[in-house]
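# An overview of the molecular structure
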Amino acid sequence: MQTGIQNMINTSTLDSDTENKIISLLTLLLEKSIETALTYSLHAGTKQVGSQHIILGLQYQAHEFLERPELDTEFADCMAQIQNMSEDDEDEESEEDEESEEDEESEEDDEGEEDEDEEEFKVSLCDCDICTKCNQYENGWDDWHPDDPILHGLKTAINNVKLRLNEESE
Ligand SMILES: [Zn+2]
């Protein structure tokens, strides 16, 4: 089944180049945010990456992502990968069934292993650049008003997630 967003992309007038650019940006942003979340949680001495770490990672990347000098190269690499992937997809439709069966099996194996509650969030006292900035961006988050429409949208999206998390923890 296609989700609404897939439908929108498929039926929109976006050419495949623009589509790949959007996918590359999203992929990189997520990748970097998860990396940051992982670093922060390790430096804070936590064993699991929790929702709060992901939020800190997203907030960090909302500030840093578009400013990073490596972005151009990473973006080009990611675009190339995605273009290769969509070419491969066209050749390998018949293999898809086999792969999804394997995925189901491995999911079953993982089940039940980690039913524990999320480990309590700890503020990292580490003074590395990532931890310092994560804490700094968290403290100043409400006062951050980016002009860029992409960043503005990103901030709204992160706020929605934070709101939902607060509601759940109450
Ligand atoms: Zn650190």
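This structure is a prediction, so every number in the text was calculated from the model and none was measured. Within each chain, residue numbers correspond to sequence positions counted from 1 in written order. In view of the model being predicted, local features appear only for residues whose pLDDT reaches at least 70, and side-chain atom pairs are presented and counted only at 80 or more, with totals across whole chains, interfaces and linings using the full set of residues. Calculated side-chain values reflect all of the structure's heavy atoms, with hydrogen atoms and water omitted.

## Details of the pattern of salt bridges
Oppositely charged side chains may form a pair once their charged atoms are brought near each other. In what follows, salt bridge is the name for a side-chain nitrogen of Lys or Arg lying within 4 Å of a carboxyl oxygen of Asp or Glu. Inspection of the entire model under this criterion finds 8 salt bridges. A salt bridge links Asp17 to Lys21; the shortest N-O distance between them is 3.4 Å. With Asp17 and Lys21 both in helix 2 (residues 16-43) and 4 residues apart, the pair spans about one turn of that helix. Burial status follows relative accessibility: with a 1.4 Å probe on protein chains alone, a residue under 20% of its type maximum counts as buried, one over 50% as exposed, and anything between as partly exposed. When its relative accessible area of 37% is taken as the criterion, Lys21 is described as partly exposed. As a salt-bridge pair, Glu70 and Arg68 come within 3.7 Å of each other at their nearest N and O atoms. A single salt-bridge network, built from bridges that share partners, covers Lys32, Glu35, Arg68, Glu70 and Glu74. The way it works is that DSSP assigns letters per residue, a run of H or I at least four long becomes a helix, a run of E at least two long becomes a strand, and they are numbered from the N terminus.

## Examining the packing of helix 3 (residues 51-64) against helix 6 (residues 129-139)
Across the interface, helix 3 lies against helix 6 with an axial gap of 9 Å and an inter-helix angle of 95°. Viewed along their axes, helix 3 and helix 6 adopt a mutual orientation that is roughly perpendicular. For the pair formed by helix 3 and helix 6, the contact residues are Leu56, Gln59, Tyr60, His63 and Glu64 on the first element and Asp129, Ile130, Lys133, Cys134, Tyr137 and Glu138 on the second. For helices, the fitted axis covers only the stretch in contact; all axes are lines through C-alpha atoms, and the angles between them, taken along N-to-C directions, range from 0 to 180 degrees. Relative orientations are named as follows: roughly parallel for angles under 35 degrees, roughly antiparallel for angles over 145 degrees, roughly perpendicular for angles from 65 to 115 degrees, and oblique for any other angle. The contact criterion used is simple: two residues touch if any of their non-hydrogen atoms lie within 4.5 Å.

## Regarding the packing of aromatic side chains
For Phe, Tyr and Trp, rings pair up if their centres lie within 6.5 Å, where Trp contributes its six-membered ring, and each pair is then called stacked (planes under 30 degrees apart), edge-to-face (over 60) or tilted (otherwise). All told, the structure shown has 3 aromatic pairs when counted by the stated rule. Two limits define a charge over a ring: the Lys NZ or Arg CZ must be within 6 Å of the ring centre, and within 35 degrees of the ring normal. The lysine or arginine in question, Lys155, covers the ring of Trp141, its NZ or CZ lying 5.8 Å from the ring centre.

## Concerning the side chain of Ser33
Looking at where Ser33 falls in the secondary structure, it is placed in helix 2. The class for Ser33 is buried, based on a relative accessible area of 1%. Apart from residues lying up to four places away in sequence, Ser33 is in contact with Gly57, Leu58 and Gln61.

## Description of the nonpolar core
Nonpolar side chains in soluble globular proteins tend to end up buried together. In these notes, a set of buried Ala, Val, Leu, Ile, Met, Phe, Trp, Tyr and Cys residues joined through side-chain atoms within 4.5 Å is what counts as a nonpolar core. Ranked by internal contacts, the top residues of the largest apolar core, which has 14 residues, are Leu28, Ala62, Phe65, Trp141, Trp144, Leu154 and Ile158. Residue assignment for this core shows that the elements contributing at least two residues are helix 2, helix 3, helix 4 (71-91) and helix 7 (149-169). Contact partners of Trp144, with chain neighbours within four places excluded, come to Ala62, His63, Leu151 and Lys155. Tyr40, Tyr60, Cys131 and Cys134 belong to the second-largest nonpolar core, a separate cluster that totals 7 residues.

## Observations concerning the coordination of the zinc ion
The protein atoms that coordinate the zinc ion are His43 (ND1), Cys126 (SG), Cys128 (SG) and Cys131 (SG), at distances of 2.0 to 2.3 Å. Only nitrogen, oxygen and sulfur atoms qualify as donors, and only when within 2.8 Å of the metal (3.2 Å in the case of Na, K and Ca); with water excluded, sites may look incomplete. Here a site with four donors is tetrahedral if all angles are between 85 and 135 degrees, and a site with four or six donors is square planar or octahedral if opposite donors are over 155 degrees apart and the other angles are between 65 and 115; anything else gets the irregular label. One can describe the donor arrangement at the zinc ion as tetrahedral, given that its 4 donor atoms subtend angles of 104 to 116° at the metal. All donors of the zinc ion come from a single chain, and their spacing in sequence reads H-x82-C-x1-C-x2-C. In this structure Cys128 comes out as partly exposed when scored by relative accessible area, which is 22%. Overall, Cys131 belongs to the buried group, its relative accessible area being 0%.

## Considerations on the environment of Gln52
Tracing the backbone through its elements, the reader meets Gln52 in helix 3. Gln52 gets classed as partly exposed once you look at its relative accessible area, which sits at 27%. Residues Gln52 and Lys162, 110 residues apart in the sequence, show an inter-C-alpha distance of 8.5 Å.

## Quick word on the packing of helix 2 against helix 6
As a packed pair, helix 2 and helix 6 sit with axes 10 Å apart at the nearest point and diverge in direction by 100°. By the angle class used here, helix 2 and helix 6 are roughly perpendicular. Contacts from Thr36, Thr39, Tyr40 and His43 of helix 2 reach helix 6 at Ile130, Cys131, Cys134 and Asn135. When residues are sorted by character, Ala, Val, Leu, Ile, Met, Phe, Trp, Tyr, Cys and Pro go into the nonpolar class, Asp, Glu, Lys and Arg into the charged class, and all the rest, Gly among them, into the polar class. For the contact of helix 2 with helix 6, the per-class residue count stands at 4 nonpolar, 4 polar and no charged.

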